[in-house]
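Given next are the chains, with one letter for each unit.
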Amino acid sequence: MRGYIGKLPKDVVGLLKICADAAEGLGFRAYVVGGFVRDLILGVRNLDVDIAIEGGGIAFADELSKKLGGEAVRHKHFGTATVVSKDGFKIDIATARKESYHAPAQLPTVKPGLIEDDLKRRDFTINAMAIDISRSGFGRLLDLFDCREDLKTGKIRVLHDRSFIDDPTRIMRAVRFEQRYDFRIEPRTETLLREAAELKMLDIVQKHRVRDELMLMLKEDEPIRCIKRLNNIYGFSFLHPGLKLDNNIFGLLKDVGGVITWFRKRFPSKRPLDTWLMYLMALLDRLSVPAVNVVCGHFAFRRGETKRIISCKKDVNSVIGFLKKKGLRPYLIYKKLEPLTYEVILLAYVKSGSKAVKQRVVDFLSSYNETRISVSGEDIRAIGLSPGPRFKKMLEEILFAKIDGRIKTRKDELDYLRRKGKAKNR
Ligand code: CTP
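Nothing here was measured: the structure is a model prediction, and the numbers come from that model. Sequence order as written defines residue numbering, which begins from 1 separately in each chain. A pLDDT threshold of at least 70 governs which residues receive local features in this predicted model, and a stricter bar of 80 or more applies before side-chain atom pairs are shown or counted, although totals over entire chains, interfaces and linings include all residues. By convention in this description, side-chain values take in all heavy atoms of the structure and omit both hydrogens and water.

> Can you help me understand the overall build of the protein in this one?
Secondary structure elements are taken from DSSP: a helix is a run of H or I of four residues or more, a strand is a run of E of two residues or more, and numbering for both begins at the N terminus. When helices and strands are counted, the protein shows 20 helices and eleven strands. By the compact-globule yardstick of 22 Å for 426 residues, the protein is too spread out, its C-alpha radius of gyration being 28 Å. Expressed along its principal axes, the backbone C-alpha trace of the protein runs to roughly 85 × 50 × 35 Å. Expressed as a percentage of the 426 residues in the protein, the buried residues total 51%. By sequence separation, contacts in the protein at least 24 residues apart represent 66% of the contacts at least 6 residues apart. Per-residue accessibility takes into account occlusion by the displayed protein chains alone, with areas from the Shrake-Rupley method and a 1.4 Å probe. Of the roughly 21,100 Å² of accessible surface on the protein, a fraction of 51% belongs to carbon and sulfur atoms. Here the protein carries 81 positive and 55 negative side-chain charges, and the mean point of each set is 8 Å from the other. A radius of gyration in this sense is built from C-alpha atoms; the matching globule rule multiplies 2.2 Å by the number of residues raised to 0.38. Throughout, exposure labels follow a simple rule: accessible area from a 1.4 Å probe, protein chains only, divided by the maximum for the residue type, with under 20% read as buried, over 50% as exposed, and the rest as partly exposed. Any two residues whose heavy atoms approach within 4.5 Å are treated as being in contact. The charge count treats Lys and Arg as positive and Asp and Glu as negative. His and the chain ends do not count. For charged residues, the charge sits on one atom: NZ in Lys, CZ in Arg, CG in Asp, CD in Glu.

So this is what it looks like as structure tokens:
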């Protein structure tokens, strides 16, 4: 087997061979492209397989899903489809295409094309390679623009001078890839990027595309590096007029990064955090609730995301205010924090600037939130009470008493139940 493909795990190679068969049967040529090839050459694990088809992408997807026994989700309008195999591999399929841009930042007109056309239309050299996975050329690398050299020397380079004008979201992508791989945007590309920044190109591109890129950036392993670099090259007023990131905001971002690391280490079994949301809240920290609402509407954040963003904005301050109160009993802290998300709780921790608040958050996460009681509905029934809404309330009261340290053992819990039962039957 030729070259880079040989580096892939056996099951992925097997999958690509099934793709080769599916393409052959239809008389098409198939290529793996883009980020998959980039990461394969870099030796970085990436199991999102992107396939370009010289021929019909949708017909290929139908054929492939038959062979894999998977499902094809088609996006007919774009000539693309996604197939998920039984083993959980996600394969994005598109017809190889030629693009022509008629106006800055507007979506291009698309025509079916050859793989060479498809590589030419791409953002950066590092993402513009393909590997043939057709039977006759299985494993052959197509490197039309010296892409491998840029990958080797760590350069982010556009394929033509209008790249950022045609598609301004590439401004954010350039920064993201540069920071992710510790590469460098090469000088000509940086000049073009700064020119696009002068023209405020992110202001005229479709907003939901900017949102998607922003979220991808905030989901990177090291988002603060990306934020710093984008701030230096472009600034952040594209998010909201006048939004400036000063040292305080960078301090907050760093603290958010710190608390995320701490939380993961200290509580590895708790659910994973939506870290993008925490970084976004730090970025938007200066804005009022109505201003954050405007940002969410403007960038067409989905309803669920908007709800979470606004709730973070509102709840964090109310939590800090509450946790600063003197003489709070543990169960009251539990009652306040338990319905909230970890993101809100940790943002309150970071933003409070108060040792007492931080300690209460730690107590909640490590102790109150871990408290379990041993009695159940069965035990309530056993003392002669009939089931009803009061059951839930009684169990909750026992939990609160245990969090407060008023009861400790199973015997204490049962005694408590009996006392309650007697009071009720009296
Ligand atoms: N692409 C592009 N211009 C864009 C977005 C994408 O040219 N604005 C091309 C690139 O060739 C890219 C491919 O489409 O490699 C797939 O895009 P995407 O899935 O967003 O990026 P990946 O390269 O797979 O990056 P990641 O590792 O972040 O998923």
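> I keep staring at the environment of Ser237 and nothing clicks. Help me out?
Inspection of the secondary structure puts Ser237 in the loop between α10 (223–233) and α11 (247–266). Residue classification places Ser237 among the partly exposed residues on the basis of a relative accessible area of 30%. Sequence separation between Ser237 and Pro104 is 133 residues, and the spatial gap between their C-alpha atoms is 20 Å. Non-local contacts of Ser237, meaning those with residues more than four positions away in its chain, are made with Lys200, Gly242 and Leu243.

> Can you walk me through the pairing of strand β6 (residues 97–100) in this structure?
Note on strand geometry: in a regular strand, side chains alternate between the two faces of the sheet. By the alternation rule, side chains of β6 split into Arg97 and Glu99, which are all buried, and Lys98 and Ser100, of which none is buried. Pairs of strands are assigned from DSSP output, requiring at least two bridges between the strands. Direction of pairing for β6 relative to strand β7 (residues 109–112): antiparallel, over a ladder of four bridges. Each residue of the ladder has a partner; that of Ser100, found in β7, is Thr109.

> Looking at this structure, I do not really get the packing of helix α1 (residues 10–26) against helix α3 (residues 57–68). What am I missing?
The description of two helices packed together rests on the angle between their axes and the distance between the axes. Between the N-to-C directions of two axes lies an angle of 0 to 180 degrees, each axis being a line fitted to C-alpha atoms and, for a helix, fitted only over the stretch in contact. Relative orientation of the contacting elements α1 and α3 amounts to 130°, with a least axis distance of 9 Å. Classified by the interaxial angle, the pair formed by α1 and α3 is oblique. Between α1 and α3 lies a crossing whose hand is right-handed. Here α1 contributes Leu15, Ile18, Cys19, Asp21, Ala22, Ala23 and Leu26 to the contact with α3, which in turn contributes Ala59, Phe60, Glu63, Leu64, Lys67 and Leu68. Only Asp, Glu, Lys and Arg are considered charged in this grouping, and only Ala, Val, Leu, Ile, Met, Phe, Trp, Tyr, Cys and Pro are considered nonpolar; every other residue, Gly among them, is considered polar. Of the residues assigned to the contact of α1 with α3, the class counts are ten nonpolar, no polar and three charged. The labels follow the angle: roughly parallel below 35 degrees, roughly antiparallel above 145, roughly perpendicular from 65 to 115, and oblique for the rest. Put simply, a crossing is left-handed when the front helix is turned counterclockwise from the back one by less than a right angle, and right-handed when it is turned clockwise.

> Looking at this structure, I do not really get helix α15 (residues 330–337). What am I missing?
A turn of α-helix holds 3.6 residues, and therefore any two residues three or four places apart point the same way. Taken together, the buried positions of α15 are Ile333, Tyr334 and Leu337. The buried residues of α15 occupy one face: seen down the axis, they fall within an arc of 100°. Taken together, the buried residues of α15 touch α14 (303–323), α16 (342–352), α17 (355–366) and α19 (389–403). Arc, as used here, means the arc of the directions from the helix axis to the C-beta atoms.

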